[in-house]
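As a plain string of letters, each chain reads:
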Amino acid sequence: MFYVFIFIALLLTGVGLFPIPEDIIVLSAGVGVQQEVGNVFIAFLVILIGIIISDLIIFWIGKKIGRKVFKMKFFSFFIPEDKVERVHKIFGDHSKKIVFLGRFASGFRPVVFFTAGMSDLQILNFIIYDLLASLIYIPLVMFLGYRFSYDIIRFFEDTRRIYHIIEVVIISAIIIWFVFKLSKKIFNGNGGKNENLK
């Protein structure tokens, strides 16, 4: 289940359907390996396949659909036209380098890979340079998750506690407001009855 979650999450984040960076998923995989939830080599392979497939989907969209994508609300938000134009201007002879470096540019990857699809870059060259970058990127981010797993877990536990406190405060505020309104209505009603009796 650990590997299935990683794979699906990477596919969804890679194409913009899951609103968090891929880095969080890879980092979480490193934490999972440290906590002995999964095997490091299997996790690495699953992440590599998930990343390459999601990157190829974006590349294919750029190749087959191209600029028509900007008319679609979802994709125009996920892949902003102005950013694509900026990347497209510098692509030219540096396309392979930009694809390689794009793997390390969190939040900018979809734009780079989409632009690569729009350019004359061959799919084989795209896969080679994306793969080379991923072979560096994945172990690096997984290692960070593995190395700082206890700090990451503690952070999320503290965050969870903060959310629980906020929830309690909000619920308490709603209850107090409701009780105040109800008591005000009751006392106002009783006040009206007392005046009638006089």
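Residues numbered from 1 in each chain as written. Predicted model: local features only at pLDDT ≥ 70, side-chain atom pairs only at ≥ 80, totals over all residues. Heavy atoms only, no water.

### Thoughts on the overall build of the protein
Here's step 1: Assigned secondary structure in the protein consists of 9 helices and 0 strands.
Here's step 2: If you list the helices and strands of the protein from N to C, you get α-α-α-α-α-α-α-α-α.
Here's step 3: Residues classed as buried in the protein amount to 35% of the 198 residues present.
Here's step 4: Accessible area for the protein stands at about 12,800 Å²; split by element, carbon and sulfur atoms hold 70% of it. (Helix = DSSP H or I, 4+ residues; strand = E, 2+ residues; numbered from the N terminus. Buried < 20%, exposed > 50% of the residue type's maximum accessible area, 1.4 Å probe, protein only. Areas by Shrake-Rupley, 256 points an atom, 1.4 Å probe, with all protein chains shown as cover.)

### A few points about the nonpolar core
Here's step 1: Counting 18 residues, the largest nonpolar core has I6, L10, V26, I47, I51, I138 and M142 as its most contacted members.
Here's step 2: Looking at this core, the elements that each hand over two or more residues are α1 (2–14), α2 (22–34), α3 (40–64) and α8 (123–147).
Here's step 3: If you tally residues by element for this core, the top one is α3, at 6 residues.
Here's step 4: Non-local contacts of M142, meaning those with residues more than four positions away in its chain, are made with V26, G30, V33, V40, A43, F44 and I47. (Core = buried A, V, L, I, M, F, W, Y, C linked by side-chain atoms within 4.5 Å. Contact = heavy atoms within 4.5 Å.)

### Re the packing of α2 against α3
Here's step 1: Between α2 and α3, the shortest axis-to-axis distance is 10 Å and the interhelical angle comes to 170°. On the basis of the axis angle, α2 is roughly antiparallel to α3. Contact residues: α2 offers E22, V26, A29 and V33, while α3 offers V40, A43, I47, I51, S54 and D55.
Here's step 2: Per-class residue counts for the contact of α2 with α3 are 7 nonpolar, 1 polar and 2 charged. (Axes fitted to C-alpha atoms, helices over the stretch in contact; angles between N-to-C directions. Parallel < 35°, antiparallel > 145°, perpendicular 65-115°, else oblique. Nonpolar A, V, L, I, M, F, W, Y, C, P; charged D, E, K, R; others polar.)

### With respect to the environment of F100
Here's step 1: With respect to the secondary-structure elements, F100 resides in helix α6 (residues 95–102).
Here's step 2: Between the C-alpha atoms of F100 and L131, which are 31 residues apart in sequence, the distance is 8.4 Å.
Here's step 3: Not counting residues within four places of it along the chain, the set of residues in contact with F100 comprises Y129, L132, A133 and I136.

### Considerations on a nonpolar patch on the surface
Here's step 1: A cluster of nonpolar side chains, namely I123, L124, I128, L131, L132 and L135, defines an oily patch on the protein surface of about 510 Å² accessible area.
Here's step 2: Positionally, I123 belongs in helix α8. (Patch = residues over 30% accessible without salt bridge, like charges linked within 9 Å, V, L, I, M, F, W, Y side chains within 5 Å. Salt bridge = Lys/Arg side-chain N within 4 Å of Asp/Glu carboxyl O.)

### Description of the side chain of E22
Here's step 1: Locating E22 in the fold gives a position in helix α2.
Here's step 2: Judged by relative accessible area, which is 5%, E22 ranks as buried.
Here's step 3: Among residues more than four places away in sequence, those in contact with E22 are L10, T13, G14, I51, S54, D55, R103, R109 and Y137.

### Description of α2
Here's step 1: Across its 13 residues, α2 extends 19 Å between first and last C-alpha, which sits within 8% of the 18 Å expected from 1.5 Å per residue.
Here's step 2: Here α2 has its buried residues at E22, D23, I25, V26, A29, G30, V31, G32, V33 and Q34.
Here's step 3: E36 sits one or two residues past α2 and shows a positive phi near 65°. (Expected span 1.5 Å × (residues − 1).)

### Some details on the packing of aromatic side chains
Here's step 1: Enumeration according to the criterion identifies 5 aromatic pairs in this entry.
Here's step 2: Plain terms: the ring middles of F100 and F104 are 5.8 Å apart, the flat faces sit at 55° to each other, and that makes the pair tilted.
Here's step 3: For F104, a relative accessible area of 36% translates into the label partly exposed.
Here's step 4: Each ring, one from F104 and one from Y137, has its centre 6.3 Å from the other, and the planes form 80°; the classification is edge-to-face. One end of the pair, F104, is in the loop between α6 and α7 (109–118); the other, Y137, is in helix α8, with 33 residues separating them in the sequence.
Here's step 5: Ring pairs connect the aromatic residues F59, F113 and F126, which therefore count as one cluster.
Here's step 6: Geometry around Y137 places R103 over its ring, the cationic atom sitting 5.0 Å from the centre. (Phe/Tyr/Trp six-rings, centres within 6.5 Å; stacked < 30°, edge-to-face > 60°. Lys NZ or Arg CZ within 6 Å of the ring centre and 35° of its normal.)

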